[in-house]
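# Inside the fold
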Amino acid sequence: MEATASTQSDESNLGQIILISVIATIGGFLFGFDSGVINGTIDGLAAEFAVSAWVAATDINTVIQWSVASMLLGCAVGAMIAGRTADHFGRRGVLIVASVFFFVSAWGSGVASSPLEFIVYRILGGLAVGAASVLAPAYISEITPAHMRGRLSSIQQVAIIVGLTAAFMSNYVLAGTAGSSVSEFWLGFEAWRWMFWVEMIPAAIFFFALFMIPESPRFLVIKDKNDDAQSVLSRLFGAQAGAEKLSEIKSSIAADHKPRLTDLLDNGKVRPIVWVGIGLAVFQQLVGINIVFYYGAVLWQSVGFTEDNALLINVIMGVVSIGAVCIALAVIDKIGRKPLLMIGSVGMAITLGTMMICFFNATTNEAGDLILTGFWGPLALFSGITYAAMFNLSWGPVMWVMLGEMFPNQIRGSALGVSGFFQWFANFGVTVTFLTLITTITLGGAYAIYFAGAVVSILFVAKAVTETKGIELEDMKGFE
């Protein structure tokens, strides 16, 4: 009878829980938008930076690689410090600071006239992305009941893909209206600058919306603000269920000391659960997904598509990805996390292997550009879109869901930070090497590396990942 009452209480407050979750995931939208907007600005950045003294001393591809990847250094640092910072100042408090960073970064990236200036603003945005990437799913997991936690935490990935798609569509419309990304659009500024400035709108919305949501009740209990925690829990779950949940949280926290970074160690060794979190974070990037997000226009233009068609392909990928994430959202609490990861790993291995073969069979024209002739072009395009769908059906949402819920309360903030750092550092490594790889070992060779990452991820899921479906956060024992 108690479980039934709790369930009914959860349902009676479902609307409010969903609203709070949606507001939290505006950070995910900005994460996606900030990651995707760079896709359509490469030509503009190359044209702007071509007159820079820095470019005169090095190769333009190197400058562009570092300009694109610089955000990821900020992401790694932001993710690393966000968990511990949130343990001190609260999940909501850190997200508010992140929203300000999003706004300033969007403005600064658009006004930048040199690579160094641009990189500084992108790193600032990266700090915000890194913080939002780990705190939004953690916050959602801490204000939702176990039986619906997977679905609501998956909203984060929906928001990320919606943000990516919004950036792709914005880039497509702006470039199409202006004539190209480097053409003048409005008030004498090129279209690529406006691509960045559009992000200022959702960043402002995020800032003000965050003041409408409560702080995490688990954080409030850690800070001995039990009355405030009781108020939040009653608001979300009802008075009786809220009181029961408060007692569970207090018992869980009372069994140990205040969170600290050294809790990640057990007898001087990193806890196995932390290694699993790092593995999930790294393998999500080793499959090369962000090459599609960051260099999609470059990728498809490199095999013969026009800039206009390449930007449209990005939009199509985004729409398909949204559909895939919605499917994951519908089934993640039914079939579980581990099966979705396995399905995704196998699907990505097949599609990446197909893309690898297609790119190895590309020919070159008189200008030295790659061309996919015959059926290779449509096959590569179909495989690319299917690959994005498989990622967003599985590793895209599931990795963030698991990182937000798999760690015991005692180490959640610190473990999230460490895992997030490795996720973004791996992202940086993949991103900063892509243009170099396609000029040294060809596009096919680059995709052979991502194919290998997908194959190894199958073994990782089979051997290391344990299911977390339906387990309350207070009962997470770290798979130990």
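Residues numbered from 1 in each chain as written. Predicted model: local features only at pLDDT ≥ 70, side-chain atom pairs only at ≥ 80, totals over all residues. Heavy atoms only, no water.

### Focus: helix H13 (residues 226–237)
Here H13 is twelve residues long and its end C-alpha atoms lie 16 Å apart, about the 16 Å a rise of 1.5 Å per residue gives. Directly after H13, the chain includes Gly238, whose backbone phi takes a positive value near 95 degrees. (Helix = DSSP H or I, 4+ residues; strand = E, 2+ residues; numbered from the N terminus. Expected span 1.5 Å × (residues − 1).)

### Regarding a nonpolar patch on the surface
Residues Phe185, Trp186, Leu187 and Phe189 make up a contiguous nonpolar surface patch of about 430 Å² in total accessible area. Along the chain, the position of Phe189 falls in strand S2 (residues 189–190). Judged by relative accessible area, Phe189 falls into the partly exposed class, the value being 35%. (Patch = residues over 30% accessible without salt bridge, like charges linked within 9 Å, V, L, I, M, F, W, Y side chains within 5 Å. Areas by Shrake-Rupley, 256 points an atom, 1.4 Å probe, with all protein chains shown as cover. Salt bridge = Lys/Arg side-chain N within 4 Å of Asp/Glu carboxyl O. Buried < 20%, exposed > 50% of the residue type's maximum accessible area, 1.4 Å probe, protein only.)

### Observations concerning the packing of aromatic side chains
A complete count under the given rule lists 18 aromatic pairs for this structure. Between Phe189 and Trp197, the aromatic rings sit 5.1 Å apart at their centres with planes inclined by 85 degrees, giving edge-to-face as the arrangement. Among the residues examined, Trp197 registers a relative accessible area of 12% and is labelled buried. Aromatic side chains Trp192 and Phe196 sit 6.3 Å apart centroid to centroid with 85 degrees between the ring planes, which places their arrangement in the edge-to-face category. Of this pair, Trp192 and Phe196 both sit in helix H10 (residues 191–197), four residues apart, roughly one helical turn. The residues Trp192 and Phe196 share a single accessibility class, namely buried. Each member of the aromatic cluster is reached from another via a ring pair, and the members are Phe185, Trp186, Phe189, Trp194 and Trp197. (Phe/Tyr/Trp six-rings, centres within 6.5 Å; stacked < 30°, edge-to-face > 60°.)

### Observations regarding the pattern of salt bridges
If charged atoms from side chains of opposite charge come close, those side chains can pair. Per the stated rule, a full pass over the model turns up four salt bridges. For the salt bridge of Arg193 with Glu190, the shortest nitrogen-to-oxygen distance reads 2.9 Å. Assessed through its relative accessible area of 7%, Arg193 is described here as buried. What you see here is one network of salt bridges that share partners, running through Asp333, Arg337 and Glu405.

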